[in-house]
Amino acid sequence: MSASPALRPSVRFLLAHPAHFIALGFGAGLAPKAPGTVGTLWAWLSYLVLHQWLSPLQMGAVIAASTLVGWWACTTTARHLGVADPGAVVWDEVVAFWAVLWLAMPMGFWGQGVAFALFRFFDAAKPGPVGWADGLFKGFGWRGGWGILWDDFVAAFCTLLVIALWRFF
């Protein structure tokens, strides 16, 4: 099922296909302003909830499975929207920020807040390796779907590197 191309998806688009529901972060991507930030906030909150019931190994499995499902969902949704990397697709932020929290915890609220700010900086500004990763996989199809996720994983890596250096020094 293919929806008509739209630059700004609606609730109808969100509910038209399971891939849309996932890729748009269960609705977080419908935010009229800063959907990536809203998606990352949703990731933070949902991680804290999941963290209560899942062991670290189980959370790692959820992240791995969410990456694979997200690859399909982002690929499908981008094709249906007719945009190679739609701003409303926020599953990339969700999975990447889950990875940051999974690998950096335990941290208090302020540490998590710093991780959030660092991740948003690297994801939005795309300095150095994040910009390189953003340009590496473009287009439609599986390659483009992976590209939607890839730059966010590189942003997550950069975030974790800064946190590791912060903790070391």
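Residues numbered from 1 in each chain as written. Predicted model: local features only at pLDDT ≥ 70, side-chain atom pairs only at ≥ 80, totals over all residues. Heavy atoms only, no water.

Some remarks on the nonpolar core
Short version of the rule: Residue types Ala, Val, Leu, Ile, Met, Phe, Trp, Tyr and Cys, when buried and joined through side-chain atoms within 4.5 Å, form a set referred to as a nonpolar core. Between buried and exposed lies partly exposed: a residue is buried under 20% and exposed over 50% of the maximum accessible area for its type, with that area taken using a 1.4 Å probe on protein chains only. Segments assigned H or I by DSSP are reported as helices when at least four residues long, segments assigned E as strands when at least two residues long, and all are numbered from the N terminus. Residue contacts follow a heavy-atom distance rule, with two residues in contact if any of their heavy atoms lie within 4.5 Å.
One finds Trp91, Phe97, Trp98, Val100, Leu101 and Phe119 to be the most contacted residues of the largest nonpolar core, which totals 45 residues. Elements with a minimum of two residues in this core: helix H1 (11-16), helix H2 (18-23), helix H3 (35-53), helix H4 (56-81), helix H5 (91-104), helix H6 (109-125), helix H7 (129-136) and helix H8 (142-168). Here this core gets 10 residues from one element, more than from any other, and that element is H5. What Leu101 contacts, discounting residues up to four positions off in sequence, is Trp44, Tyr47, Met107 and Gln112.

Digging into unusual backbone geometry
Cis geometry is found at the peptide bond from Met105 to Pro106, where omega equals 5°. Backbone geometry places Lys126, a non-glycine residue, at a positive phi of 55°. Inspection of the secondary structure puts Lys126 in the loop between H6 and H7.

Regarding the confidence of the model for the protein
Applicable threshold: Confidence of the predictor at the level of single residues is given by pLDDT, which spans 0 to 100.
Per-residue confidence for the protein gives a mean pLDDT of 94, with 96% of residues at or over 70. Across residues 1-6, where pLDDT falls below 50, the model places 11 contacts with residues more than four positions away in sequence or in other chains.

Regarding the packing of H3 against H5
Here is the rule: To get an axis, a line is fitted to the C-alpha atoms, and for a helix only the part in contact is used. The angle between two axes follows their N-to-C directions and goes from 0 to 180 degrees. For classification purposes, an angle smaller than 35 degrees is called roughly parallel, one larger than 145 roughly antiparallel, one from 65 to 115 roughly perpendicular, and anything else oblique. By convention, the crossing between two helices is left-handed when the near helix turns anticlockwise from the far helix through less than a right angle, and right-handed when the turn is clockwise. Residue type decides the class: Asp, Glu, Lys and Arg count as charged, Ala, Val, Leu, Ile, Met, Phe, Trp, Tyr, Cys and Pro as nonpolar, and the leftover types, Gly among them, as polar.
As a packed pair, H3 and H5 sit with axes 8 Å apart at the nearest point and diverge in direction by 45°. It follows from the interaxial angle that H3 and H5 lie oblique. Where H3 crosses over H5, the handedness of that crossing is right-handed. Along its contact with H3, which presents Gly36, Gly39, Thr40, Trp42, Ala43, Trp44, Ser46, Tyr47 and Leu50, the element H5 presents Trp91, Glu93, Val94, Phe97, Trp98, Leu101 and Trp102. Class assignment of the residues belonging to the contact of H3 with H5 gives a composition of 11 nonpolar, four polar and one charged.

Here we look at the side chain of Ser66
For Ser66, the location among the structural elements is in helix H4. The contacts of Ser66, once residues within four sequence positions are left out, are Trp91, Val95 and Trp98.

Details of the packing of H6 against H8
The N-to-C vectors of H6 and H8 enclose an angle of 135°; their axes lie 9 Å apart at closest approach. Accordingly, the angle class assigned to the pair H6 and H8 is oblique. Here H6 runs over H8; the crossing is right-handed. Of the residues in H8, those touching H6 at Gly111, Val114, Ala115, Leu118, Phe119, Phe122 and Asp123 are Asp151, Asp152, Ala155, Ala156, Cys158, Thr159, Val162, Ile163 and Trp166.

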